[in-house]
Amino acid sequence: MLARSLFATALLSAVFTTPVAAQTIYPLDRAEILAGSKFDLKVEFPGAVPAGDVKVTVDGKDAAEVFGMKPQIVEKEDGHDLTAYWLRGVSLAKAGKVKIEATAAGKTASVGWEVFDTPKGRVAKNVILFIGDGFSIAHRTAARIMSKGLHEGRYGGELAVDDMPHMALISTAGTDSIVTDSANAMSAYTTGHKSCVNALGVYCASNKNNLDHPKVETIGDLLKRETKMAVGVVTNSEIEDATPAGVVAHTRKRADFDDIVKMFYDVKPDVIMGGGSPHFLAKTTPGSKRKDDVDYLKKFEDAGYAFVTTKTETEKAVADGKTKILGLYNTGNVDGALDLKYLKKGTVSKFPDQPDVVDETKAAIATLSKNPDGFFLMVESARIDKYSHSLDPERAIFDTIMLDDAVKAAKEFAAKNDDTMIIVVADHAHPVSIIGTYDDDRPGQTPREKLGTYADAAEPNYGPVDAEGYPTDIDVSKRIALNFGTTPDTCFNAKPFMDGENVPAVAGATKGTYVENPKNCERPGAVHVTGNLPFDASSGVHSGDDVVLTAMGPGSEVFHGRLDNTRVFRAMVTALGLAK
Ligand SMILES: [Zn+2]
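Worth saying up front: this structure is predicted, and the values here are computed from it rather than measured.

### Notes on the pairing of strand S15 (residues 271-275)
Along S15, five of the five residues are buried, which leaves the element largely enclosed by surrounding structure. Inspection of the sheet shows strand S14 (residues 230-238) paired to S15 by four bridges, in the parallel sense. Each bridged residue has a counterpart across the sheet, and for Val-233 the counterpart in S15 is Ile-272. In the sheet, S15 pairs with strand S17 (residues 325-328) via four bridges, with the strands oriented parallel.

Shown next as structure tokens:
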């Protein structure tokens, strides 16, 4: 009690002695900025400050002079009680530490940035960045067990994602929280700047309009502005989703799919493949989800893109030697490997000829590698994350095997010339762990009775593995117990979901809350599991754990130890010599 009242007193005195909030400078303190890359410098001064009283300096010199630009000063920006100072689209050419000071009404705030150079010339011709969305250590281990087999403690082979010379732990936290989402996580890889939840290619300032926040350049912007390299973005999520959007987008809100399609068009990556076609259609077109009349399919076609909607059409476009391909294979996400190849659930009956991530990767490499100046390709296996949210272990593990097959295809391409940097990394982790085996030969009916731990964790008996590394039978008597550390209230019977992706929870009687999906409670042996998440959670959540990065090829030796996610950008632009 005493400690508590002391703490309260300390808090109160802190409140009374702290003056009004200090000015905030964007980019934030400790930002790492590629020499020559563009960014918006914004300072938010609290309250009303006459323009003449505002002073912003770079290493002691007036910022406006340093950048050769007149600042825009906005009082009460967006109705907020602040004065905004803007220098948009500036860049710093000289590498080194830079101190920015912002002064008004006798108060000064400062931040330090590091401007980094890259060696002249480049060591890599191509960079392929693989993102396993939510790809955590347990997914990796489970995919290795399922795909390569585990007997007497030894695996029957190596995964392509493991068999690489360089490895690092990557920390993923954003500017606003210790647990990231896929937007600011990807943004760190594609811009080298940290950001906040839901944001892509911007710092999160006070602006009301999502598109007005201070921008930083993405690797997609940079490559198209500075080089003749080809750029590819392929995924099995909707193409507007956070990870693929991270290559091109600048918005405070990742859900701005209409704007993100426009940003894809503005940057024009040479190869774009994924789901999410409705936001490309003018609103008058049946099935459109756009709010305007712009027909982006026509615009892309007018810009020289071959538009394809199936695996067969994609293969034909590649065979015909097309250099720009827009592939949209589903109205939503492309189906994952388990449904696409074996169970034919999900939307496979509606979209029977979708490519998987491996098909997309091969088509993208074949197309992009025609460019004599090299290419940057981002490949995402998106549904490792989505199936971990829906607490569906077999689907998440299958899509990890699919990622591995895509990496294998890239390695086969890279082996020919040794001029390609390959990076495989997750954007963030999920709280998943392998805790043993669910063993139907154990007595009882419920998951707790079927679970074998320690000496009782028998080797799984999945059906024989096919040529692509997938087990041909997953509904077997001994299965990996992949435990999800976070759940809403749900019902659980520790069996694979053979009829389609798990739906762990449904809307409850109280608005905004979720309860167990009653259908799951009817499954044989199902038990009720009390959730450990806030009541508004309908699925599992991300974790703040570090993730594993593996890499190979020229420039990849920088990956070792523990690194912030922003260093992935730095490694890529260094390998490509992008500083100007
Ligand atoms: Zn996620």
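### Regarding the packing of helix H3 (residues 137-148) against helix H13 (residues 393-417)
Viewed as axis vectors pointing N to C, H3 and H13 meet at an angle of 80°, and their least axial separation amounts to 9 Å. With respect to each other, H3 and H13 are oriented roughly perpendicular. Taken together, the residues of H13 that come into contact with H3 (itself represented by His-139, Arg-140, Ala-142, Ala-143, Met-146 and Ser-147) are Glu-394, Ala-396, Ile-397, Phe-398, Thr-400 and Ile-401. Tallied by class, the residues present in the contact of H3 with H13 amount to seven nonpolar, three polar and two charged.

### Structural notes on the coordination of the zinc ion
Note on the zinc ion: its protein donors are Asp-385 (OD), Asp-385 (OD), His-389 (NE2) and His-542 (NE2). The metal-donor distances range over 2.0 to 2.4 Å. Around the zinc ion, the four donor atoms are arranged such that angles at the metal cover 57 to 152°; this shape is classified as irregular. We note that the donor set of the zinc ion lies within a single chain, spaced as D-x3-H-x152-H. Taken together, the residues span a long stretch of sequence, with Asp-385 in helix H12 (residues 383-389) and His-542 in the loop between strand S26 (527-529) and strand S27 (547-552) at a distance of 157 residues. Overall, the relative accessible area of 15% leaves His-542 in the buried class.

### Concerning the domain arrangement of the protein
On domain assignment, one finds that the protein holds domain 1 (20-116), domain 2 (126-432 + 541-575) and domain 3 (487-539). The straight-line distance from the C-alpha centre of domain 1 to that of domain 3 is 49 Å.

### Describing the side chain of Asn-236
Position of Asn-236 among the secondary structure elements: in strand S14. Exposure remark for Asn-236: the relative accessible area of 1% places this residue in the buried category. Beyond its immediate chain neighbours, meaning those up to four positions away, Asn-236 contacts Asn-333, Val-334, Val-357, Glu-360, Glu-380, Ser-381, Ala-382, Arg-383, Asp-399 and Met-402.

### Describing the sheet that holds strand S4 (residues 55-58)
The strand order across the open sheet built from five strands is S2-S9-S8-S4-S5, with neighbouring strands paired in mixed fashion. This sheet does not close on itself; its edge strands, each paired only once, are strand S2 (32-34) and strand S5 (61-62). Sheet topology places S2 next to strand S9 (residues 107-116); three bridges connect them, and they run parallel. Bridge pairing in S9 places Glu-32 opposite Glu-114.

### So, helix H5 (residues 219-226)
For H5, the buried fraction is high: six of the eight residues fall into the buried class. Within H5, the full set of buried residues consists of Ile-219, Gly-220, Asp-221, Leu-222, Leu-223 and Glu-226. On the buried face of H5, the contacting elements are S2, helix H4 (182-191), S14, helix H7 (257-267), strand S18 (375-381) and helix H16 (566-575).

### Structural notes on unusual backbone geometry
For the bond from Tyr-26 to Pro-27, the omega torsion is -5°, close enough to zero to count as cis. Position of Pro-27 relative to the elements: it lies in the loop between strand S1 (24-26) and S2. Unusually for a residue other than glycine, Arg-30 sits at a positive phi of about 70°. Position of Arg-30 relative to the elements: it lies in the loop between S1 and S2. Phi angles above zero are rare outside glycine, and Lys-344 is one such case at about 55°. Accessibility expressed as a relative area gives 48% for Lys-344, which makes it partly exposed.

Conventions we followed
Residues numbered from 1 in each chain as written. Predicted model: local features only at pLDDT ≥ 70, side-chain atom pairs only at ≥ 80, totals over all residues. Heavy atoms only, no water. Buried < 20%, exposed > 50% of the residue type's maximum accessible area, 1.4 Å probe, protein only. Helix = DSSP H or I, 4+ residues; strand = E, 2+ residues; numbered from the N terminus. Pairing = 2+ DSSP bridges. Axes fitted to C-alpha atoms, helices over the stretch in contact; angles between N-to-C directions. Parallel < 35°, antiparallel > 145°, perpendicular 65-115°, else oblique. Contact = heavy atoms within 4.5 Å. Nonpolar A, V, L, I, M, F, W, Y, C, P; charged D, E, K, R; others polar. Donors = N, O, S within 2.8 Å, 3.2 Å for Na, K, Ca; no water. Tetrahedral: all angles 85-135°; square planar, octahedral: opposite > 155°, others 65-115°. Domains from an automatic or database assignment.

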